[in-house]
Amino acid sequence: MLAKPRLLARTTGLARPLNPALFFRAFSAAPMVRNQASVAAGTAEPKKKKRFPFWKTLWRLTYGSLIVGTAVTSYSIYTTRHPADQPNPDPSKKKLVILGSGWGSASLLKKIDASEYNITVVSPRNFFLFTPLLPSCTTGTIEHRSIMEPIRAIIRNKEASVTYYEAEATNIDYENKKLVIKESANHDREEASGTRTIDFDYLVIGVGAQNSTFGIPGVQDNACFLKEIPDAQKIRQKIMDRIEAASFKNLDDEDRKRLLHTVVVGGGPTGVEFAAELQDFFEEDLKKWIPEIAKDFKVTLVEALPNVLPSFSKQLIEYTEKTFQAEKITVLTKTMVKKVTSDVVTAEATKSDGTKEIIELPYGLLVWATGNSARPVIRDLMSRIPAQKNSRRGLLVNEYLVVEGTEGIWAVGDCTATKYAPTAQVATQQGIYLAGLFNQLAYAVTLEEEISQLEEIVKGATNEQDRKAALSEVDSRTRRLRRSRSLLPFEYSHQGSLAYIGSDRAVADLSFWGNSSNFATGGSLTYLFWRSAYVSMCFSTRNKLLVIMDWLKVKIFGRDVSRE
């Protein structure tokens, strides 16, 4: 029988079996010995450089930011869903009534300290609407509930309880400080809605404006407006009605071409964005599922001024018009609508040589996206205030937004007649300004009460040292009271203008450091900025997430082409 081979080691002439564990340990330690020998010899091997340090750092920052962002978002959702108990308002506090739930009123409500006033909100609409994304609702890019924030969700998270009435103001008695409101919650009831009278110490009017037809015959009866959620739903329904009706017609039928022609009146941001959204809807979705309409689908934008987007820089106006030309959207500038029937828009176009020409535009859908006029309650109030007799556009206000000819009544947003454009940006800043003003007034009242108490202490003080300490406190609070009463007037700071122009492109006219520096840009990167800016401006975390999910849904599945 053969013997198993053994590893032998020669040590001092003796042979013995070699331990495998010691062999491998020595083998693995050999490089270390060599390195130590190299160090001793002064020839140490250089350390290997880390590969891609920038990308590793960027990755760590990215997932770290995601973790932090997720935690902050989760906490925000939790606090919104689980509001703390609210104390009842102090009956001794002043009564503040806020009319409306638009940009100005909502911004005021969000920033004001509700524990300092007995606040009542009156609005026929029980939600705040993010109007810049309303054109996207007409084509299904955004679901309408994604841009609605319930008023009760806002007031439920305030410092103290706030009362809300879903009602419409019908009469403002500015002399006796009384407000008559009419219930609007039960729209389907046959009997008349109830009314009630509310007393107020302070009143903020933020009811916005209604659509203006400029007295043009047929506009009110035949056009679709774009100010509220029902408007967007009506437009959406009519788009699909016209398309399905056109599909039933013969290919060369003139009535078919009329049904597939949409006319948009108004070259401001709302009109431009709606035209762009509708053309995107056609190019990205309708043409795929209903290819037979491709030849006759048409969008025409009508503007009375020499160009669209008049508040933007010249280079962006030219870029927008070139983009619309590439997207096959017809733009008719210097064209004023004169008459509207159920199927034809009659307009007067001014040619380059100054001559005028009457043109007719057969249409299937007419969207009116221009003009504001005062609401009935505002016109009634203006007619009873002598200082408002010469105003036509809205309420005249002073530099503190106080309604001229009244005391204790302020106005914000589109219901006012100011030197500023009637935009959401202006109304938001006005609401924030008024919140700071009311907080400052409440602080002044608190200081007055503290001064009165300290003066009583001074009168009853028997110790000279206590008397001097109380006088010192009175002097300190008096100085603070004087500063708190020095109110600064409202100053608007223009942050810039944004507009979506279709084909994943947008234009931005931005302002930095006031109006001293402007930056104009347009294109696909600006489109990403447009989206991020609008998401950041959404009122709540809920709105932000819903809008992002809607965009992702459309990117993956496309827009819905069903009728409802």
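Residues numbered from 1 in each chain as written. Predicted model: local features only at pLDDT ≥ 70, side-chain atom pairs only at ≥ 80, totals over all residues. Heavy atoms only, no water.

Digging into the overall build of the chain
Logical step 1: Each helix and strand counted, the chain has 15 helices and 25 strands in total.
Logical step 2: In the chain, buried positions account for 40% of the 564 residues.
Logical step 3: Across the chain, every contact between residues at least 6 apart in sequence was considered, and the portion connecting residues at least 24 apart equals 64%.
Logical step 4: In the structure as shown, the chain presents an accessible area of about 32200 Å², 55% of it carried by carbon and sulfur atoms. (Helix = DSSP H or I, 4+ residues; strand = E, 2+ residues; numbered from the N terminus. Buried < 20%, exposed > 50% of the residue type's maximum accessible area, 1.4 Å probe, protein only. Contact = heavy atoms within 4.5 Å. Areas by Shrake-Rupley, 256 points an atom, 1.4 Å probe, with all protein chains shown as cover.)

Brief notes about the side chain of aspartate 280
Logical step 1: The residue aspartate 280 is located in helix α9 (residues 269–289) in this model.
Logical step 2: Among buried charged residues, aspartate 280 stands out as having no salt bridge; its nearest opposite-charge side chain is arginine 559, 4.6 Å away.
Logical step 3: Those residues in contact with aspartate 280 that sit more than four places away from it in its chain are Asp285, Tyr500, Gly502, Ser503 and Arg559. (Lys, Arg positive; Asp, Glu negative; His and termini not counted. Salt bridge = Lys/Arg side-chain N within 4 Å of Asp/Glu carboxyl O.)

Focus on the packing of aromatic side chains
Centre distance and the angle of the planes are the two values used to describe a pair of aromatic rings.
Logical step 1: The full count for this structure, using the stated rule, is 19 aromatic pairs.
Logical step 2: In this structure an aromatic cluster arises from ring pairing among Trp103, Phe128, Phe130, Tyr500, Tyr527, Trp530, Tyr534, Phe539 and Trp551. (Phe/Tyr/Trp six-rings, centres within 6.5 Å; stacked < 30°, edge-to-face > 60°.)

Things to note about the packing of helix α3 (residues 103–111) against helix α12 (residues 424–460)
Logical step 1: For the pair α3 and α12, interaxial distance at closest approach is 7 Å and the crossing angle is 35°. As for the relative orientation of α3 and α12, their crossing is right-handed in sense. Contact with α3, carried on its side by Trp103, Gly104, Ser107, Leu108 and Lys111, involves Ala424, Ala427, Thr428, Gly431, Ile432, Leu434, Ala435, Phe438 and Asn439 of α12 and no other residues of that element.
Logical step 2: Split by residue class, the contact of α3 with α12 holds eight nonpolar, five polar and one charged. (Axes fitted to C-alpha atoms, helices over the stretch in contact; angles between N-to-C directions. Left-handed = near helix turned anticlockwise from the far one by under 90°. Nonpolar A, V, L, I, M, F, W, Y, C, P; charged D, E, K, R; others polar.)

A few points about the sheet that holds strand β18 (residues 344–350)
Logical step 1: Sheet architecture is open: three strands sit in the order β17-β18-β19, paired in antiparallel fashion. Two strands in the sheet have a free side with no partner beyond their single neighbour: β17 (335–340) and β19 (356–362). In this sheet, neighbouring strand axes are inclined to one another by 30° on average, regardless of whether the strands run parallel or antiparallel. (Pairing = 2+ DSSP bridges.)

Description of the confidence of the model for the chain
Logical step 1: For the chain, per-residue confidence averages 87 on the pLDDT scale, and residues scoring 70 or more make up 88% of the total.
Logical step 2: Counting contacts from residues 1–16, a segment whose pLDDT is below 50, to residues more than four positions away or on other chains yields 10 contacts.
Logical step 3: Scored below 50 in pLDDT, residues 26–30 shows zero contacts in the model against residues more than four places distant or in partner chains. (pLDDT = per-residue confidence, 0-100.)

Comments concerning the pattern of salt bridges
Logical step 1: As enumerated under the stated definition, the model contains 19 salt bridges in all.
Logical step 2: Notably, a salt bridge pairs glutamate 116 with lysine 93, separated by 3.3 Å at the nearest N-O pair. Residue glutamate 116 is found in the loop between α3 and β4 (117–122), and its partner lysine 93 is found in the loop between α2 (53–81) and β3 (94–99); the two are separated by 23 residues along the sequence.
Logical step 3: Taking the relative accessible area as the measure of exposure, lysine 93 reaches 26% and is therefore partly exposed.
Logical step 4: Between arginine 258 and aspartate 255 there is a salt bridge, and its shortest N-O distance comes to 2.7 Å. Here arginine 258 and its partner aspartate 255 are both found in helix α8 (residues 254–259), three residues apart, which amounts to about one turn of the helix.
Logical step 5: On the accessibility criterion, aspartate 255 (24% relative accessible area) is partly exposed.
Logical step 6: Look at the salt bridges and you will find they share partners, linking Glu143, Asp550 and Lys553 into a network.

Focus: the pairing of strand β9 (residues 178–183)
Logical step 1: Relative to β9, strand β8 (residues 167–173) runs antiparallel, the two sharing six bridges. Across the sheet, residue isoleucine 172 finds its bridge partner in β9, namely leucine 179.
Logical step 2: Joining the antiparallel neighbours β8 and β9 is a turn of four residues, in which lysine 177 adopts a positive phi near 55°.
Logical step 3: Relative to strand β10 (residues 195–199), β9 runs antiparallel, the two sharing five bridges. Among the inter-strand pairings, lysine 178 is bridged to a residue of β10, identified as aspartate 199.

Focus: the sheet that holds β8
Logical step 1: Reading across the sheet, the three strands line up as β8-β9-β10 and stay open at both edges, with antiparallel pairing between neighbours. Bordering the open sheet on either side are β8 and β10, each of which pairs with just one other strand. Taking each pair of neighbouring strands and ignoring which way they run, the sheet shows an average axis angle of 25°.

Re the pairing of β18
Logical step 1: Most of β18 is tucked away, with six of its seven residues classed as buried.
Logical step 2: Pairing between β17 and β18: five bridges, direction antiparallel. The residue bridging valine 337 from the neighbouring strand is alanine 347, located in β18.
Logical step 3: Counted along the chain from β18 to the antiparallel partner β19, the turn is five residues long, and its residue glycine 354 has a positive phi close to 95°.

What about empty space enclosed by the protein?
Logical step 1: Counted by the stated rule, this structure contains one cavity of 30 Å³ or more.
Logical step 2: In this structure, the largest cavity occupies an estimated 50 Å³ of space.
Logical step 3: Ile239, Arg242, Ile243, Leu259, Leu260, Thr262, Leu278, Phe297 and Leu365 together form the lining of the largest cavity.
Logical step 4: Looking at the lining of the largest cavity, the element that brings in the most residues is helix α7 (residues 229–247), giving three residues.
Logical step 5: Within the lining of the largest cavity, the residues separate by chemical class into seven nonpolar, one polar and one charged. (1 Å grid on protein atoms, 1.4 Å probe; cavity = no way out; pocket = protein on both sides within 12 Å on 5 of 7 lines; lining within 4 Å. Points joined across faces, edges and corners; volume = space filled by probe spheres on them.)

What about helix α11 (residues 376–384)?
Logical step 1: Here α11 has its buried residues at Val377, Ile378, Leu381 and Met382. Seen from one end, α11 has its buried residues packed into an arc of 135°, which puts them on one side.
Logical step 2: Where the residues of α11 are buried, they touch β8 and β11 (202–205). (Arc of directions from axis to C-beta.)

A closer look at the packing of α12 against helix α13 (residues 464–485)
Logical step 1: Contact geometry for α12 and α13: axes closest at 9 Å, N-to-C directions at 160°. Between α12 and α13, the crossing angle belongs to the class labelled roughly antiparallel. Like other packed secondary-structure pairs, α12 and α13 cross with a definite hand, here left-handed. Residues Gln440, Tyr443, Ala444, Leu447, Glu448, Glu450, Ile451, Leu454, Glu455, Ile457 and Val458 of α12 form the contact with α13, whose own contacting residues are Arg467, Ala470, Leu471, Glu473, Val474, Arg477, Thr478, Arg480, Leu481, Arg483, Ser484 and Arg485. (Parallel < 35°, antiparallel > 145°, perpendicular 65-115°, else oblique.)

Quick notes on the environment of alanine 508
Logical step 1: One can find alanine 508 in strand β24 (residues 505–512).
Logical step 2: Overall, the relative accessible area of 0% leaves alanine 508 in the buried class.
Logical step 3: For the pair alanine 508 and phenylalanine 312, spaced 196 residues apart in sequence, the C-alpha separation works out to 8.2 Å.
Logical step 4: Every residue in contact with alanine 508, bar those within four places of it in the chain, is listed here: Leu316, Ser497, Leu498, Phe519, Ala520, Thr521, Thr526 and Phe529.

Points about unusual backbone geometry
Logical step 1: Backbone geometry at leucine 309 places phi at a positive 45°, although glycine is not the residue there.
Logical step 2: On the secondary structure map, leucine 309 appears in the loop between β15 (298–302) and α10 (314–326).
Logical step 3: Taking the relative accessible area as the measure of exposure, leucine 309 reaches 0% and is therefore buried.
Logical step 4: The backbone of leucine 401 sits at a positive phi, close to 70°, despite the residue not being glycine.
Logical step 5: For leucine 401, a relative accessible area of 3% puts it in the buried group.

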